[in-house]
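Now for the letters of each chain:
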Amino acid sequence: RTIAGLQPALGGSISIHNKQIDGKNAAQLAKNMSVVLTDSISMPNTSVWDIVSYGRHPHTNWLGILSESDSKIISNAIKKVGLSELKNRNLNTRSDGEKQRAMIAKALAQDTDFIMLDEPTAHLDLPNRIAIMKLLRDLAHSTRKSILLSTHELDLALQVADRIWLMQKNAPMLCGTPEDLVLQGSFQKVFSTQAFDFDINTG
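Definitions and limits used
- Residues numbered from 1 in each chain as written.
- Predicted model: local features only at pLDDT ≥ 70, side-chain atom pairs only at ≥ 80, totals over all residues.
- Heavy atoms only, no water.
- Helix = DSSP H or I, 4+ residues; strand = E, 2+ residues; numbered from the N terminus.
- Rg over C-alpha atoms; globule rule 2.2 N^0.38 Å.
- Buried < 20%, exposed > 50% of the residue type's maximum accessible area, 1.4 Å probe, protein only.
- Contact = heavy atoms within 4.5 Å.
- Pairing = 2+ DSSP bridges.
- Axes fitted to C-alpha atoms, helices over the stretch in contact; angles between N-to-C directions.
- Core = buried A, V, L, I, M, F, W, Y, C linked by side-chain atoms within 4.5 Å.
- Expected span 1.5 Å × (residues − 1).
- Parallel < 35°, antiparallel > 145°, perpendicular 65-115°, else oblique.
- Left-handed = near helix turned anticlockwise from the far one by under 90°.
- Nonpolar A, V, L, I, M, F, W, Y, C, P; charged D, E, K, R; others polar.
- Salt bridge = Lys/Arg side-chain N within 4 Å of Asp/Glu carboxyl O.

1. Some points on the overall build of the chain
Right, on to step 1. Scanning the chain for helices and strands turns up 8 helices and 7 strands.
Right, on to step 2. Against the compact-globule benchmark of 17 Å for 203 residues, the chain has a radius of gyration of 18 Å, which places it among compact chains.
Right, on to step 3. Put simply, the chain has 203 residues, and 37% of those count as buried.
Right, on to step 4. Considering only residue pairs separated by 6 or more positions, the chain has 60% of its internal contacts joining residues 24 or more positions apart.

Rendered as structure tokens:
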């Protein structure tokens, strides 16, 4: 929430491209980062295309009129998440996994260098959790965008993340590649302080 500019920092500062976000308004921030929240989406009479098109709002004029270029960007974003055949369908009739894909497409259409997601696999069943995490990894590599997400899905994060920031109570975060954190015993260190033992081989 602090990185997204939704609440002030308790300390320190946040910079994107070496420019602090303090003092930037919502419109300015929307051109630097896009955010996908955990909240379940319910928008009556709204198609997949409609919800994805909202991602172009920071780039349109005050009337919100979409140009031909905007439409191409929207179509491309929908294609990247595999929803082209469903673009005219009502969002409320889609599965939770498809709704989450639509919200990711909206973030892609916003065309920012930085995409942040809060628990993107929440409320999804196992196949969709795996599919969404794999999709995000593929998008990060194919679009060269920085994608930061929070998750409790440690097993999936170990498989798809390029880097992990591991939070521990009353201590600095541990950062590194999944392989480095495993080899350094970081997971055992963090979870051994809890009321159970953590085995990296069994989870």
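2. Some remarks on the sheet that holds strand β3 (residues 33-36)
Right, on to step 1. The 3 strands are arranged β3-β4-β5 in an open sheet whose pairing can be described as parallel. The strands lining the two open edges of the sheet, one partner per strand, are β3 and β5 (146-150). Ignoring which end each strand starts from, the neighbouring axes of this sheet average 15° apart.
Right, on to step 2. Pairing analysis gives 5 bridges linking strand β4 (residues 114-118) to β5, with the strands arranged parallel. Looking across to β5, one finds that isoleucine 115 is bridged to isoleucine 147.
Right, on to step 3. Packing against the sheet, helix α4 (residues 96-109) makes contact with β3 and β4, and its axis sits at approximately 170° to β3.

3. Structural notes on the nonpolar core
Right, on to step 1. Val52, Val81, Leu83 and Ile104 are the most contacted members of the largest nonpolar core, which totals 25 residues.
Right, on to step 2. The dominant element in this core, judged by the number of residues it contributes, is α4, at 7 residues.
Right, on to step 3. When neighbours within four sequence positions are excluded, valine 52 is seen to be in contact with Ile74, Ala77, Ile78, Ala102, Ala105, Lys106 and Ala109.
Right, on to step 4. Within the second largest apolar cluster, 9 residues are counted, among which are Leu154, Ala157, Phe187 and Phe191.

4. Describing α4
Right, on to step 1. Along its 14 residues, α4 runs 20 Å from first to last C-alpha, staying within 8% of the 20 Å computed at 1.5 Å per residue.
Right, on to step 2. Of all 14 residues in α4, 11 are buried; the element is thus mostly enclosed.
Right, on to step 3. Of the residues making up α4, those classed as buried are Gly97, Lys99, Gln100, Ala102, Met103, Ile104, Ala105, Lys106, Ala107, Leu108 and Ala109.
Right, on to step 4. Looking at the buried residues of α4, the elements they touch are β3, α2 (48-53), α3 (68-80), β4 and α5 (126-143).

5. Things to note about the environment of tryptophan 49
Right, on to step 1. One can find tryptophan 49 in helix α2.
Right, on to step 2. Put simply, tryptophan 49 and alanine 27 are 22 residues apart on the chain and 22 Å apart in space, counted from C-alpha to C-alpha.
Right, on to step 3. Residues contacting tryptophan 49, with those up to four places away along its chain left out, are Ser71, Ile74, Ser75, Ile78 and Lys87.

6. Re the packing of α4 against α5
Right, on to step 1. At a closest axis distance of 10 Å, the pairing of α4 and α5 adopts a crossing angle of 15°. The angle between α4 and α5 falls in the class roughly parallel. The two elements α4 and α5 meet at a crossing, and its hand is right-handed. On α5, the residues that touch Gly97, Gln100, Arg101, Ile104 and Leu108 of α4 are Asn128, Ala131, Ile132, Leu135, Leu136 and Leu139.
Right, on to step 2. Of the residues belonging to the contact of α4 with α5, the class tally is 7 nonpolar, 3 polar and 1 charged.

7. Structural notes on the pattern of salt bridges
Right, on to step 1. Scanning the entire structure with this criterion turns up 7 salt bridges.
Right, on to step 2. Across the salt bridge formed by glutamate 68 and lysine 72, the nearest N and O atoms sit 3.8 Å from each other. Within this pair, glutamate 68 and its partner lysine 72 are both found in helix α3, separated by 4 residues, close to a single helical turn. The residues glutamate 68 and lysine 72 share a single accessibility class, namely exposed.
Right, on to step 3. Measuring nitrogen to oxygen at the nearest pair gives 2.9 Å for the salt bridge that ties arginine 129 to glutamate 153.

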